[in-house]
Amino acid sequence: MLNIWGVILYLRLPWITAQAGIGLTWVIILLSSSITGITGLSTSAIATNGKVKGGGTYFLISRSLGPELGGSIGLIFAFANAVAVAMHTVGFAETVQALMQDTGVSMVDRLNDIRIIGVITVTCLLAISMAGMEWESKAQVLFFFVIMISFGSYIVGTIMPASRQKQARGFFSYRADIFAENFVPGWRGPEGSFFGMFSIFFPSATGILAGANISGDLKDPNIAIPRGTMLAIFWTTISYLIISATIGSCVVRDASGSMNDTISSLSGECLGIGCNYGWDFSECINNKTCPFGLSNNYQTMSLVSAVAPLISAGIFGATLSSALACLVSAPKVFQCLCKDNLYPGIGFFGKGYGKNNEPLRSYLLAYIIAICFILIAELNTIAPIISNFFLCSYALINFSCFHASITNSPGWRPTFRFYSKWLSLLGAVVSVIIMFLLTWWAALIAIGIIIFLLGYVLYKKPDVNWGSSMQASSYNMALSQCVGLNQVEDHIKNYRPQCLVLTGAPCTRPSLVDFISTFTKNQSLMICANVITGEPSPGPVDSAKSSPHISWLNKRRIKSFYHTVAADDLRVGVQMLLQSTGLGRMRPNVLVMGFKKNWRKAQPSNLENYIGILHDAFDLQYGVCVLRMKEGLDISRTMQAHVNLGFETSTEQGLDTRSSTTTTAAIDTSLDPEALMAMSQPTSVFQTRQGKKTIDVYWLSDDGGLTLLVPYLLSRKKRWGRCKVRLFVGGEAQQIDEQKQELKALIGRFRLGFQDIQVLPDINGKPQSEHIKRFEDLIAPYRVSSVQKDGQEADETTKEFSWMVSDEEFETFKAKSLRQIRLNEVIQDYSRDAALIVVTMPVGRRGACPSPLYMAWLEIVSRDLRPPVLLVRGNQENVLTLYCQ
């Protein structure tokens, strides 16, 4: 109540009544109280939905809506409170200056006297507030009694018969015709409008959050805030209505104050309601020089009061108590904001001192801001500034309550039940509308500040998790949209490569993560997967281990999910991922792996697992991409990670350290989360702009178009935008021009924009003998005679050779082997300086092509190439269309 009652009550409510009339003044009061009442209900609901700590309004909004809006409104609300200190202090100084003027005392002039008195006053208030809540509370109790005594004196004064001196100044006690005259508006001056008066009055209703702002000092805020706030709004509204009606019934709008202005026989035409009581104020009314009356004298309540000094004491009590409350609120709110580290450079002001953790530095900052506005020294200028900021705060508080209710989060369980989400929404909308009706440019500035601060927090993404309604809303929208996707069949035009990337711990293969993120970011699904072997089934411990990997991805700005499974071996784990990863339509359709560079040192079972994963992916209708880089993908050695001996080749057992498939389970066991978070973000070639290079695409068979779609998606990204896509296809020497024109027409109909198309007639030629010899040397350790492999005796010897390449199999696939060798020669000739080489991946039939031979094909195609090589194979599902439907 003390914070709501303030300078406006004593010094501007009578003047507003004269301007708007009693009827519209009541409308202004009730409209203001409706906004604050709805906001009070919303505040009560939010404050009772869990324990409230220090930080008041900022704490309520930020923990409800999240740091994005909470942070911005915290700054604005703290600033508004600091300006409110100036407003109430100027009101106090204005009263003191008026008393000095009555006694003929002046220091400089009116404005400078107000400035000097204001600075001295706010300095004294700073000393009281810095002394702690105990002194502030004692001072507030004293102020409350002073205000109540001044109210009593005012009511008694309205009943007492008016003396001739008071009549000369416009006071005639209760009169029906004065009430009727003052009931209708009498607009005057530049502020003479409904919303002009509303903007000046509204700050007098804005103290409703005083209790919430000191929530950290309350014994039981969940009970105290709702009860205290709503009762304060009720009783202060009643007091405003009573004072407006009573003073409008007793005092005329214009009076001269001269004892000689009585009606005489010599008087001409008499103007004004004073004529009915023997007073002629016509001269000053005509000249617009009347110094007294509701429209001219801000100190009218002192005139009406039975004991005028008590009104001055009430003004002192109301202004000083409100200024003191605001001076306490602003630093408390700002301290809480500083401690959350949402914005840079403000942490300095968050330091607390003493047993009560008083924010002395924030007090000094609020003191400096208050002095800057005290120097304006015009109450009617300061009040509208505050109105917009407070309306902005109230709009967000109401929206917080509405948003928390509409999301239907199970965590929204306020013990205060007397609120309505639709009433809260109405309060938010009305607050915003009134902001623009009051001062549209100030409303734009306030909203602009909020949007700027909101954008900053969205960009920086502070590491906070408050369980806000924004998170609940995001979940609801995601769930609704995901379920909605199931109601529509997939269409070829909407095909997106949704990638399941076998990264292991993502930090061990940053190049693989960066490359796939390049064309999936903001466009399609990416899931980084990790298969952990040799551990129990995932439980809470494993979930906790996922957090550092997710944090690593977020810090690298990779928009990807992270999924971990535990399995007996790698292939079983990948089969689990292929069959169960995703949700509804949000399921991966492309498996991405790293090339197994040291496959020749791997155990037979691991080699079979690697090739088996490719076959499993094709069987489950996945496309497959295998990325190979000359320097390898796995950087776990540089991280000094202990790798799983069953699959990673720090020994000769395991998947290649360059392979993207993983049981780098050891990453999870050798690096604790703190170490993982602390490690630096290694750079990769895919994080930089590729310049004016080329993306060379070797399209050797129709796999549905995935081989063409991936480079097209890359070319749309800024990092790859300057690269020219070159398309290479096989053909006949006699029909090169014809084939080239046909391909250009086909690519044109697909709207891919590839202009450089080259037909290679020599791609099916015979490779050089030394390259054939090198391939035979590569496969030699895995060759065995057909008799040994297909022997009838099921002894240990025949089992040992069952996975190797027989002479018959080697001859059966010789033509295909020579094709891969020749393809490598062609790539060496054409694509040495490319930024990326995309090649249609050869496929070996399951059960017919031995794993070592298939691995040798992948090896020889991508061997000795400096640029990264992406082997791509679609699942024969069309991903490109010529048609518009």
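This write-up is about the structure you can find in this document. Since the model is a prediction, treat every value here as computed from it, not as a measurement.

Now for the overall build of the protein. On a plain count of helices and strands, the protein comes out with 33 helices and 12 strands. For the protein, the proportion of its 885 residues judged to be buried stands at 56%. Across the protein, every contact between residues at least 6 apart in sequence was considered, and the portion connecting residues at least 24 apart equals 80%. Carbon and sulfur atoms provide 58% of the accessible area of the protein, an area that totals close to 37800 Å².

This brings us to the packing of aromatic side chains. Each aromatic ring pair is summarised here by two numbers: the centre-to-centre distance and the angle between the ring planes. Evaluated as defined, the whole model comprises 33 aromatic pairs. Ring plane angle 55° and centroid distance 5.9 Å describe the contact between Phe-334 and Phe-349, whose orientation is recorded as tilted. Of the two residues, Phe-334 sits in helix H14 (residues 308-339) while Phe-349 sits in the loop between H14 and helix H15 (360-374), which places them 15 residues apart along the sequence. An aromatic cluster of three or more residues is present, and its members are Trp-5, Tyr-10, Phe-144, Phe-145 and Phe-151. Looking at Arg-12, its charged tip hangs above the ring of Tyr-298, at a distance of 3.6 Å from the centre.

Our focus in this paragraph is the pairing of strand E8 (residues 756-760). In terms of burial, E8 is largely enclosed, as four of its five residues are buried. Where strand E7 (residues 724-730) lies against E8, five bridges are found, and the strand directions are parallel. In the sheet register, Phe-728 faces E8, and the bridge partner there is Gln-758.

With that settled, the discussion passes to the pattern of salt bridges. Where charged atoms of side chains with opposite charge meet at close range, the side chains can pair. A full pass over the atoms with the stated rule returns 15 salt bridges. Where Arg-188 meets Asp-254, a salt bridge forms, and the shortest distance between an N and an O atom there is 2.5 Å. You can see Arg-188 sitting in the loop between helix H8 (176-183) and helix H9 (194-201) and its partner Asp-254 sitting in the loop between helix H11 (221-250) and helix H12 (282-287), a full 66 residues away along the chain. Judged by its relative accessible area of 12%, Asp-254 is buried. In this structure, a network of salt bridges that share partners links the residues Arg-571, Asp-616, Asp-619 and Arg-846.

Between H14 and H15, the least distance of the axes is 9 Å, while the angle of their chain directions is 125°. Classified by the angle their axes make, H14 and H15 are oblique. The two elements H14 and H15 cross, and the hand of that crossing is right-handed. Contact residues: Leu-327, Val-328, Ala-330, Pro-331, Lys-332, Phe-334 and Gln-335 in H14; Ser-362, Tyr-363, Leu-365, Ala-366 and Tyr-367 in H15. Grouping the amino acids of the contact of H14 with H15 by side-chain chemistry returns nine nonpolar, two polar and one charged.

Once that is clear, we can look at a nonpolar patch on the surface. Nonpolar side chains collect at one region of the surface, where Val-432, Phe-436, Trp-440, Trp-441, Leu-444, Ile-445 and Ile-449 lie side by side and expose about 680 Å² of accessible area between them. Elements with a minimum of two residues in the nonpolar patch: helix H17 (421-438) and helix H18 (440-460). Examining the composition of the nonpolar patch, we find that five residues originate from one element, H18, more than from any other.

Read across the sheet, 10 strands follow the order E3-E2-E1-E4-E5-E12-E11-E6-E7-E8 without closing on themselves; strand pairing throughout is mixed. Two strands close off the open sheet at either side, each with one partner strand: strand E3 (561-567) and E8. Put simply, the sheet's adjacent strands are angled 20° from each other on average, direction ignored. Sheet topology places strand E11 (residues 836-840) next to strand E12 (residues 869-873); four bridges connect them, and they run parallel.

Another point: helix H19 (residues 469-485). The terminal C-alpha atoms of H19 lie 24 Å apart, and with 17 residues this matches the ideal 24 Å at 1.5 Å per residue to within 8%. For H19, the complete set of buried residues consists of Ser-469, Ala-472, Ser-473 and Cys-482.

Here the focus is the pairing of strand E1 (residues 499-502). Every other side chain in a regular strand lies on the same face of the sheet, so the side chains alternate between the two faces. Here E1 shows two buried faces, one formed by Cys-499 and Val-501 and the other by Leu-500 and Leu-502. Pairing of E1 with strand E2 (residues 526-533), which is carried by four bridges, proceeds in the parallel orientation. In the strand pairing of E2, Cys-499 is matched with Met-526. Traced from E1 through helix H20 (residues 510-520) to E2, the parallel crossover comes out right-handed. As paired elements, E1 and strand E4 (residues 590-594) share three bridges and run parallel to each other.

Thresholds applied
Residues numbered from 1 in each chain as written. Predicted model: local features only at pLDDT ≥ 70, side-chain atom pairs only at ≥ 80, totals over all residues. Heavy atoms only, no water. Helix = DSSP H or I, 4+ residues; strand = E, 2+ residues; numbered from the N terminus. Buried < 20%, exposed > 50% of the residue type's maximum accessible area, 1.4 Å probe, protein only. Contact = heavy atoms within 4.5 Å. Areas by Shrake-Rupley, 256 points an atom, 1.4 Å probe, with all protein chains shown as cover. Phe/Tyr/Trp six-rings, centres within 6.5 Å; stacked < 30°, edge-to-face > 60°. Lys NZ or Arg CZ within 6 Å of the ring centre and 35° of its normal. Pairing = 2+ DSSP bridges. Salt bridge = Lys/Arg side-chain N within 4 Å of Asp/Glu carboxyl O. Axes fitted to C-alpha atoms, helices over the stretch in contact; angles between N-to-C directions. Parallel < 35°, antiparallel > 145°, perpendicular 65-115°, else oblique. Left-handed = near helix turned anticlockwise from the far one by under 90°. Nonpolar A, V, L, I, M, F, W, Y, C, P; charged D, E, K, R; others polar. Patch = residues over 30% accessible without salt bridge, like charges linked within 9 Å, V, L, I, M, F, W, Y side chains within 5 Å. Expected span 1.5 Å × (residues − 1). Right-handed = clockwise from strand over helix to strand, strands pointing away.

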